[in-house]
Amino acid sequence: MTFNSIGLDTKQTKAIAEDLNVLLANFQIYYQNLRGIHWNIKGKRFFDLHVKFEELYTDANVKVDEIAERILTLGATPLHTFEDYTKSAKVPVGKNISQDEKAVRLIVDSLKELLQIEREILDASGEANDEGTNSMMSDFITEQEKTVWMMKAWLDESI
C-alpha cells in the first residue's frame, strides 16, 4: 500500500477523487438548474421562490468549490468543462421551467440523485479512513435531506 502526503492510500483516494468528480459534475448541473429556475420563475409565489432559489444556488456554488478543493486535496484534478459535466450528469436538466411546482420538483429530483452519489462516496471514504471527504459528505447529506423534506412539504407530499 502506498500512502499520500495526508496519510491516505493512494489507490483508494484516486477512486474517491473520481467519484467526487462525478459529484462535482452533477452539482454543476444542479447549480445551473437553480439559476435557471431563479431567473424564470413566474406566478403568485414568485417573490418567495425567487429568494429561496437564490439561497439554494448560492449554497450550491459554495459546495461546488468545496468539492473541487477536496479533489485537489486528494491529488486529482477537478473537472471544469461543461462537456465533462454533461458526460457525468445523472441530475435531470431543467430547461425553461417557470412553473412553481415543476421547479420545486426539479430540486427534489436533483437532490435525490446527489444524495445517492454522496452516500456512495460516504461509504468509500469511510472504508478509506478519509475523514475529510467523509465529513463533507455527511454534512451535505444532512443538509440536503432537510431540503428535500421542506420541498416535499411545500409540494404537500410525504417524504
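See above for the structure.
Novice: Quick rundown of the overall build of the chain? Include the residues and the values.
Specialist: Each helix and strand in the chain was counted, giving five helices and zero strands. A compact globule built from 159 residues would reach a C-alpha radius of gyration of about 15 Å, and the chain, at 17 Å, matches this within 12%. Reported as C-alpha extents along the three principal axes, the dimensions of the chain are approximately 60 × 30 × 20 Å. Expressed as a percentage of contacts within the chain between residues at least 6 apart in sequence, the contacts between residues at least 24 apart total 74%.

Novice: Can you break down the side chain of arginine 35 residue by residue, with the values?
Specialist: One can find arginine 35 in helix α1 (residues 10–40). One buried charged residue, arginine 35, remains without a salt bridge, the closest side chain of opposite sign being glutamate 54 at 7.5 Å. At 2.9 Å, the side chain of arginine 35 forms a polar contact with the side chain of tyrosine 31.

Novice: Give me the lowdown on the packing of α1 against helix α4 (residues 100–127), citing residues and values where you can.
Specialist: Packed helices, taken two at a time, are described by their axes: the angle between them and the distance between them. Closest axis-to-axis distance for the α1/α4 pair is 10 Å, and the angle between their directions is 165°. With respect to α4, the axis of α1 lies roughly antiparallel. The handedness of the crossing between α1 and α4 comes out as left-handed. Contact residues: α1 offers Gln12, Ile16, Asp19, Leu20, Val22, Leu23, Asn26, Phe27, Tyr30, Asn33, Leu34 and Ile37, while α4 offers Ala103, Leu106, Ile107, Ser110, Leu111, Leu114, Ile117, Glu118, Ile121, Ala124, Ser125 and Glu127.

Novice: Tell me about the pattern of salt bridges, residues and numbers included.
Specialist: According to the stated counting rule, one finds nine salt bridges in the structure shown. In this structure, the salt-bridge partner of arginine 70 is aspartate 130, at a minimum N-O distance of 2.5 Å. Separated by 60 residues along the polypeptide, arginine 70 in helix α2 (residues 46–73) and aspartate 130 in the loop between α4 and α5 (131–154) bring together distant segments of the chain. Exposure class is identical for arginine 70 and aspartate 130. Each is buried.

Novice: Explain the nonpolar core residue by residue, including any values.
Specialist: Of all hydrophobic cores here, the largest spans 45 residues; its most connected members are Leu20, Leu23, Phe27, Tyr30, Phe53, Ile67 and Ile107. At the level of elements, α1, α2, α4 and α5 are the ones that each hand at least two residues to this core. Per element, the largest residue contribution to this core is twelve residues, and it comes from α1. Setting aside its immediate chain neighbours within four residues, tyrosine 30 contacts Leu56, Ala60, Val91, Ile107, Ser110, Leu111 and Leu114.

Novice: Account for the environment of isoleucine 6, naming residues and giving values.
Specialist: Along the chain, the position of isoleucine 6 falls in the segment before α1. Its relative accessible area of 45% is what places isoleucine 6 among the partly exposed residues. Distance from isoleucine 6 to leucine 74, taken between C-alpha atoms, is 8.2 Å for residues 68 residues apart in sequence. In this structure, isoleucine 6 is in contact with Arg70, Thr73 and Leu74, ignoring residues within four places of it in sequence.

Novice: An account of α1 is requested, with residue identities and associated values reported.
Specialist: For α1, spanning 31 residues, the distance from its first C-alpha to its last is 44 Å, which sits close to the expected 45 Å at 1.5 Å a residue. Capping the start of α1, aspartate 9 holds a side-chain oxygen 3.0 Å from the backbone nitrogen of lysine 11, two or three residues further along.

Novice: Account for unusual backbone geometry, with residues named and values stated.
Specialist: What is expected of a backbone is that most residues other than glycine have negative phi and most peptide bonds are trans. Its identity is not glycine, yet asparagine 96 carries a phi of approximately 55°, on the positive side. Looking at where asparagine 96 falls in the secondary structure, it is placed in the loop between α3 (82–87) and α4. The phi angle at asparagine 129 is positive, at roughly 60°, despite the residue not being glycine. Mapped onto the fold, asparagine 129 is located in the loop between α4 and α5.

Parameters at a glance
- Residues numbered from 1 in each chain as written.
- Predicted model: local features only at pLDDT ≥ 70, side-chain atom pairs only at ≥ 80, totals over all residues.
- Heavy atoms only, no water.
- Helix = DSSP H or I, 4+ residues; strand = E, 2+ residues; numbered from the N terminus.
- Rg over C-alpha atoms; globule rule 2.2 N^0.38 Å.
- Contact = heavy atoms within 4.5 Å.
- Buried < 20%, exposed > 50% of the residue type's maximum accessible area, 1.4 Å probe, protein only.
- Lys, Arg positive; Asp, Glu negative; His and termini not counted.
- Salt bridge = Lys/Arg side-chain N within 4 Å of Asp/Glu carboxyl O.
- Polar contact = N/O pair within 3.5 Å; in protein donor to acceptor, adjacent residues only side chain to side chain.
- Axes fitted to C-alpha atoms, helices over the stretch in contact; angles between N-to-C directions.
- Parallel < 35°, antiparallel > 145°, perpendicular 65-115°, else oblique.
- Left-handed = near helix turned anticlockwise from the far one by under 90°.
- Core = buried A, V, L, I, M, F, W, Y, C linked by side-chain atoms within 4.5 Å.
- Expected span 1.5 Å × (residues − 1).

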